[in-house]
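Residue-level structure breakdown
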Amino acid sequence: MIRLAIQKSGRLSEDSLNLIRECGISFLSSSYKLKTEATNFPLEILFLRDDDIPGYVQDGVADLGIVGQNVLVEAGFPDLEVEKLGFSKCRLSLAILRSEGYNSVADLQGKNIATSYPQILGRYLAGEGVQANLHTISGSVEIAPSIGLADAICDIVSSGSTLLGNGLREVETVFRSEAVLIANQNLSAEKQELLEQLQFRMQSVRRARRNKYILLNAPVASLDAVKALLPGIKSPTVTPLAEEGWVSVQSVVNEDDFWHITGQLKAVGAEGILVLPIEKMIS
Ligand SMILES: Nc1ncnc2c1ncn2[C@@H]1O[C@H](COP(=O)(O)OP(=O)(O)OP(=O)(O)O)[C@@H](O)[C@H]1O
Ligand SMILES: O=P(O)(O)OC[C@H]1O[C@H](OP(=O)(O)OP(=O)(O)O)[C@H](O)[C@@H]1O
Ligand SMILES: [Mg+2]
């Protein structure tokens, strides 16, 4: 049995649970139970505050965890990271009151900065040769400048609406973060094997999410142009249609390239383009 710690309730919780379920792992969860066992994989799930997860994994209380890189690096255990998970993407940024002028990070010399990330911010400022007074607060950091608690803040930004709503503007990006899978560095051989199975499943789920299955009809005369646009995993599948001179082409496209490629496919004569989600993608 391998033990995985995830956030009980917060920004990471839903995506962490969805990822585990999409890996084909079933379990019962209720908001009162802080521990559950999977029914079809030797996995126990612990529901914790995210700040506690890196320390628990470092100490071996939990074998694995899902946490933001911001919390992992702040806790001082960056080496526990084993897999990027692609969700909860955000950045740690410095922000000041919108009414204040700003030229460069040197303007923060000697200023008071409120943050929940004194380690990450301290290292960043030292790298920039700036000395400032850091005030560590654990939440609602964006309120600090407007109540005279600090001249600037360093906190998590995603859409920027919290900054906007508090009269702040972002001036520097200090750190970029996403959710990561972390693991204790002294796992037994059996647990290491379970970790590898989990990583393999997570990679298959993530690859599938990034890709779409595409089917289309094209005149035989356009086939070379269509094939050039749709390389597929190995090469596209091409089958003849009942109608003479036409083929059906099936392939896989990356979601990022999707709209660009479909436009080009239409331009070379493709018709009846269907796009389907992929559930798992095993390389
Ligand atoms: N607005 C956001 N967009 C994307 N990711 C975010 C956002 N806010 C936070 N995150 C990421 O999600 C993690 C958890 O954020 P959350 O706000 O739930 O933490 P918390 O309030 O400290 O929770 P806990 O009660 O577990 O201590 C953050 O450390 C960060 O990695
Ligand atoms: O740029 P935005 O999209 O506005 O997101 C940034 C905000 O999101 C997070 O807080 P959250 O809403 O999770 O609340 P919390 O402070 O209670 O954790 C974070 O602490 C920021 O305040
Ligand atoms: Mg927390």
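Scoring rules and cut-offs
Residues numbered from 1 in each chain as written. Chains lettered and ligands numbered in written order. Predicted model: local features only at pLDDT ≥ 70, side-chain atom pairs only at ≥ 80, totals over all residues. Heavy atoms only, no water. Helix = DSSP H or I, 4+ residues; strand = E, 2+ residues; numbered from the N terminus. Rg over C-alpha atoms; globule rule 2.2 N^0.38 Å. Buried < 20%, exposed > 50% of the residue type's maximum accessible area, 1.4 Å probe, protein only. Contact = heavy atoms within 4.5 Å. UniProt positions renumbered as here; feature names shortened; annotations may be inferred. Donors = N, O, S within 2.8 Å, 3.2 Å for Na, K, Ca; no water. Domains from an automatic or database assignment. Pairing = 2+ DSSP bridges. Axes fitted to C-alpha atoms, helices over the stretch in contact; angles between N-to-C directions. Near = heavy atom within 4 Å. Polar contact = N/O pair within 3.5 Å; in protein donor to acceptor, adjacent residues only side chain to side chain. Areas by Shrake-Rupley, 256 points an atom, 1.4 Å probe, with all protein chains shown as cover. Nonpolar A, V, L, I, M, F, W, Y, C, P; charged D, E, K, R; others polar.

We now examine the overall build of the protein. In terms of helices and strands, the protein carries eight helices and 15 strands. Since a compact globule built from 283 residues should have a radius of gyration of about 19 Å, the 24 Å found for the protein marks it as more spread out than a globular shape. In terms of overall dimensions, the protein has C-alpha extents of about 75 × 50 × 35 Å along its principal axes. Scored against the burial criterion, the 283 residues of the protein give a buried share of 42%. In the protein, the proportion of contacts linking residues at least 24 apart, taken out of those at least 6 apart, comes to 68%.

In this section: the UniProt feature "domain: Histidine biosynthesis HisG C-terminal" (unreviewed entry) in the protein. The positions UniProt marks with the feature "domain: Histidine biosynthesis HisG C-terminal" (unreviewed entry) are residues 208–280. Helix makes up 27% of residues 208–280 and strand 40%, whereas the separation of the span's terminal C-alpha atoms amounts to 5 Å.

Taken together, Asp-50 (OD) and Asp-51 (OD) make up the full set of protein donors to the magnesium ion (ligand 3), lying 2.0 to 2.2 Å away. Asp-50 sits in the buried class, given a relative accessible area of 15%.

Bringing the domain arrangement of the protein into the picture now. Taken domain by domain, the protein consists of domain 1 (2–87 + 179–187), domain 2 (90–177) and domain 3 (211–277). Computed over C-alpha atoms, the centres of domain 1 and domain 3 are 40 Å apart.

Okay, the sheet that holds strand β5 (residues 81–84) next. Strand order in the open sheet formed by six strands is β2-β3-β1-β4-β11-β5, and the pairing between neighbours is mixed. On the outer flanks of this sheet lie β2 (35–37) and β5, each paired with one strand and no other. Taken pair by pair, the neighbouring strands of this sheet meet at an average axis angle of 25 degrees, ignoring direction. Bridge count between strand β4 (residues 64–68) and strand β11 (residues 179–183): five bridges; the pairing is antiparallel. Bridge pairing in β11 links Ile-66 to Leu-181. Lying on the sheet, helix α1 (residues 13–22) is in contact with β1 (2–7), β3 (43–48) and β4; it crosses β1 at an angle near 145 degrees. Running at roughly 20 degrees to β5, helix α6 (residues 189–210) makes contact with β1, β3, β4, β5 and β11 of the sheet.

This next bit is on the site of ligand 2. In the vicinity of ligand 2, the residues found are Arg-11, Glu-142, Asp-155, Ile-156, Val-157, Ser-158, Ser-159, Gly-160, Ser-161 and Thr-162. In this structure, an oxygen atom belonging to ligand 2 sits 2.8 Å away from a side-chain N or O atom of Arg-11. Starting from 500 Å² of accessible surface for ligand 2 in isolation, the protein chains cover 60%. No other element matches strand β9 (residues 152–157), which puts three residues into the shell around ligand 2. Counted by class, the shell around ligand 2 contains two nonpolar, five polar and three charged residues.

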